[in-house]
Amino acid sequence: MSSPTPSFPAPNSGRLSGFPAARRDDQWWLVSGAGSVLATDPVFTGELNRLATALAAADQAVAYLLDEQHESPAPQPGWQQ
């Protein structure tokens, strides 16, 4: 029995970069070239939620650091910190 393959991306969805998992409408799907399967185990989907949250926080931190780097003036020759 095959599961329907959701279309990606959609609002409130996202594929975990580098992972064969995607979230659509608050449901996690395991995705491969052969199709998709709904993940229903609450412990497993909880871990996917924590991973997605951690990855989003890391992306935001990197974006913040890049913004700070672009906004701060370049050090002048002879400047000592």
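Structure report, in brief.

Each value, and the rule that gives it
Residues numbered from 1 in each chain as written. Predicted model: local features only at pLDDT ≥ 70, side-chain atom pairs only at ≥ 80, totals over all residues. Heavy atoms only, no water. Helix = DSSP H or I, 4+ residues; strand = E, 2+ residues; numbered from the N terminus. Contact = heavy atoms within 4.5 Å. Core = buried A, V, L, I, M, F, W, Y, C linked by side-chain atoms within 4.5 Å. Buried < 20%, exposed > 50% of the residue type's maximum accessible area, 1.4 Å probe, protein only. Salt bridge = Lys/Arg side-chain N within 4 Å of Asp/Glu carboxyl O.

A closer look at the side chain of Thr45
The residue Thr45 is located in helix H1 (residues 42-71) in this model. Every residue in contact with Thr45, bar those within four places of it in the chain, is listed here: Trp28 and Ala39.

So, the nonpolar core
Counting six residues, the largest nonpolar core consists of Leu16, Ala21, Trp28, Ala39, Leu48 and Ala52. Not counting chain neighbours up to four residues away, the residues in contact with Leu48 comprise Leu16, Ala21 and Trp28.

Observations regarding the pattern of salt bridges
With the rule as written, the count across this model stands at two salt bridges. Salt-bridge contacts for Asp25 lead to Arg24; the nearest nitrogen and oxygen are separated by 4.0 Å. Accessibility expressed as a relative area gives 25% for Arg24, which makes it partly exposed. Among the salt bridges present, the one from Glu47 reaches Arg50, with a minimum N-O distance of 2.7 Å. With Glu47 and Arg50 both in helix H1 and three residues apart, this pair spans about one turn of that helix.

By themselves, these figures tell us nothing about what the structure is for.
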